[in-house]
Amino acid sequence: MKSFFSFFLIFFSFSFLAGQDIDLEHFKALKFRNIGPAGMSGRITSIDVNLRDKDHIIIGAASGGVWESRNGGISWNPIFDDQPTQSIGVVKFNQNNPDEIWVGTGEGNPRNSHNSGAGIFKSIDGGKSWKFMGLKETKLIHRIIINELNPNQVLVGAMGSAWGDSEHRGVYRTNNGGKDWDKMLYIDQNTGVADMVADPSNPNKILAAMWEFHRTPWGFNSGGNNSGLYLSYDGGENWKEITKKEGLPEGDKGRIGLAFAPSKSNIVYALIEADKNGLYK
């Protein structure tokens with residue numbers, strides 16, 4: 001019955017149209033327009049602000065490159081379009097010289113739709129031009145810390161490939177502005193850096209959250225006995241693991257998010273994935 005009704009409706013519509021005079025002149029002003037699929041930058045993965053000019057903002061997108069605003073976010077311009085990847089993990093101003101901008105590529109949220117990166121890049125002219133500074137095989141760079149007392153010392157938190165074992169994970173450091181890199185903290189081929197923060201009152205005091213994870217096309221494993229929280233007092237030269245003795249939850253841990261309280265840096269917050277998920281202080 002439904003099929004007969006649909007046929008009758010279509011037949012009647014064509015019969016009705018056939019009896020109308022169509023003036024083609026009315027269609028000459030029509031122009032083709034794009035109705036999709038739309039291209040967009042997707043998730044915003046990183047934001048940084050030039051503290052000398054707080055209207056100057058840069059953002060990194062999961063698959064849409066680096067964007068810059070000079071008017072507090074009213075308008076934006078892309079500044080990374082000519083580079084080999086548009087998947088961005090982290091953007092960072094050198095606050096001692098805001099013309100120096102660092103970009104770590106590869107989204108640090110290893111979803112099934114994420115894109116891998118192509119290493120770390122630096123600009124010394126405010127984003128007009130870029131230079132590749134290495135670490136291509138890290139795939140996902142999620143955090144960058146620039147030592148404000150020694151801006152040539154930069155720490156990079158690398159997740160490594162989400163899709164398989166990789167030795168290119170962990171915390172890397174340069175002492176010469178990116179010419180050379182040393183791996184300062186490494187756990188194993190399945191454990192990368194989920195977060196990394198510096199004490200705002202002491203840039204040599206670093207906390208790094210190490211995360212054991214693995215993605216497949218059909219699933220995702222977050223956590224294991226190699227995940228953990230690590231502390232350095234000397235800019236990443238030496239590390240101490242923070243454990244249940246200091247109050248962290250027992251057993252396997254997953255992703256950890258970290259933050260120092262800017263107003264009182266002896267206070268640290270850690271959002272921990274564990275058997276008992278929780279916010280720790």
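Residues numbered from 1 in each chain as written. Predicted model: local features only at pLDDT ≥ 70, side-chain atom pairs only at ≥ 80, totals over all residues. Heavy atoms only, no water.

Participant: Got a minute to help me understand the overall build of the protein chain in this structure?
Facilitator: Secondary structure summary: the protein chain contains 1 helix and 20 strands in total. For 281 residues, the compact-globule estimate of 2.2 N^0.38 gives 19 Å, and the protein chain exceeds it by more than 25% at 25 Å. The principal-axis extents of the C-alpha atoms in the protein chain amount to approximately 85 × 50 × 35 Å. For the protein chain, the residues scored as buried account for 46% of the 281 residues in total. Restricting the contact set of the protein chain to residue pairs at least 6 apart, pairs at least 24 apart contribute 44%. With the model as given, the accessible surface of the protein chain reaches about 15,900 Å², and the carbon-plus-sulfur share is 53%. Positive and negative side-chain charges of the protein chain, numbering 30 and 31 respectively, have mean locations separated by a distance of 3 Å. (Helix = DSSP H or I, 4+ residues; strand = E, 2+ residues; numbered from the N terminus. Rg over C-alpha atoms; globule rule 2.2 N^0.38 Å. Buried < 20%, exposed > 50% of the residue type's maximum accessible area, 1.4 Å probe, protein only. Contact = heavy atoms within 4.5 Å. Areas by Shrake-Rupley, 256 points an atom, 1.4 Å probe, with all protein chains shown as cover. Lys, Arg positive; Asp, Glu negative; His and termini not counted. Charge placed at Lys NZ, Arg CZ, Asp CG, Glu CD.)

Participant: Just checking my understanding: could you explain the confidence of the model for the protein chain for this structure?
Facilitator: Segments scoring low in pLDDT should not have their predicted coordinates read at a detailed level. The share of residues in the protein chain with pLDDT of 70 or more is 90%, and the mean pLDDT across the chain is 90. In this model, residues 1-5 is a region of pLDDT below 50 whose contacts with residues beyond four sequence positions or in other chains number 0 contacts. Confidence drops under a pLDDT of 50 for residues 7-12, and excluding neighbours within four residues, the segment shows 0 contacts in the predicted structure. (pLDDT = per-residue confidence, 0-100.)

Participant: What's the story with the environment of P200 in this structure? I'm lost.
Facilitator: Mapped onto the secondary structure, P200 falls in the loop between β13 (191-199) and β14 (202-216). Using a relative accessible area of 43% as the deciding quantity, one classes P200 as partly exposed. Those residues in contact with P200, other than ones at most four positions away along the chain, are E148, F260, A261, P262 and S265.

Participant: So what exactly am I meant to see when it comes to a nonpolar patch on the surface here?
Facilitator: Together, I22, L24, F27 and L30 make up a nonpolar patch on the protein surface, roughly 480 Å² of accessible area in all. Locating L30 in the fold gives a position in the loop between α1 (2-18) and β1 (44-49). The class for L30 is exposed, based on a relative accessible area of 60%. (Patch = residues over 30% accessible without salt bridge, like charges linked within 9 Å, V, L, I, M, F, W, Y side chains within 5 Å. Salt bridge = Lys/Arg side-chain N within 4 Å of Asp/Glu carboxyl O.)

Participant: I would appreciate a short explanation of the layout of surface pockets in the present structure.
Facilitator: Using a probe with the size of a water molecule, rolled over the atoms, empty space left in the structure can be pinpointed. In this model, the largest pocket occupies a volume close to 740 Å³. Looking at the largest pocket, it is lined by 28 residues, and the ones nearest its centre are D48, K92, I144, I145 and A198. Elements supplying a minimum of two residues to the lining of the largest pocket: β1, β5 (88-93), β9 (141-146), β13 and β18 (253-260). With 5 residues, the single largest contributor to the lining of the largest pocket is β13. Residues belonging to the lining of the largest pocket are distributed by class as follows: 16 nonpolar, 6 polar and 6 charged. When its volume is computed, the second largest pocket comes out at roughly 300 Å³. Mapped by element, the contributors of at least two residues to the lining of the second largest pocket are β14, β16 (228-232) and β19 (268-274). At 3 residues, the largest contribution of residues to the lining of the second largest pocket is made by β19. (1 Å grid on protein atoms, 1.4 Å probe; cavity = no way out; pocket = protein on both sides within 12 Å on 5 of 7 lines; lining within 4 Å. Points joined across faces, edges and corners; volume = space filled by probe spheres on them. Nonpolar A, V, L, I, M, F, W, Y, C, P; charged D, E, K, R; others polar.)

Participant: Sorry if this is basic, but what is going on with the sheet that holds strand β12 (residues 182-185) here?
Facilitator: Strand pairing within a sheet occurs via backbone hydrogen bonds; the two strands may be parallel or antiparallel. As summarised here, the arrangement of the 4 strands in space is β9-β10-β11-β12, forming an open sheet in which the pairing is antiparallel. The sheet is open, and its two edges are formed by β9 and β12, each paired on a single side. Averaged over all pairs of adjacent strands, the angle between strand axes in this sheet comes to 30°, irrespective of strand direction. By the bridge criterion, 3 bridges tie strand β11 (residues 170-174) to β12 in an arrangement that is antiparallel. (Pairing = 2+ DSSP bridges. Axes fitted to C-alpha atoms, helices over the stretch in contact; angles between N-to-C directions.)

Participant: I tried to follow the packing of aromatic side chains on my own but got confused; where do I start?
Facilitator: By convention here, two paired aromatic rings are described through the distance between centres and the angle between planes. Within this structure, the stated rule accounts for 7 aromatic pairs. When the centroid spacing of 5.5 Å and the interplanar angle of 55° are considered together, the rings of F121 and F132 count as tilted. Linking F121 in strand β7 (residues 120-123) with F132 in strand β8 (residues 131-132), this pair joins segments that are 11 residues apart in sequence. A relative accessible area of 3% means that F121 is categorised as buried. (Phe/Tyr/Trp six-rings, centres within 6.5 Å; stacked < 30°, edge-to-face > 60°.)

Participant: Is there a simple way to think about the pairing of strand β6 (residues 101-105) in this case?
Facilitator: Taken residue by residue, a regular strand's side chains alternate between the two faces of the sheet. Within β6, 5 of the 5 residues are buried, leaving the element largely enclosed by the surrounding structure. Direction of pairing for β5 relative to β6: antiparallel, over a ladder of 5 bridges. Pairing of I88 across the sheet is with T105, part of β6. Bridge count for β6 against β7 is 4 bridges, and the pairing is antiparallel. Along β7, the bridge assignment pairs V103 with F121.

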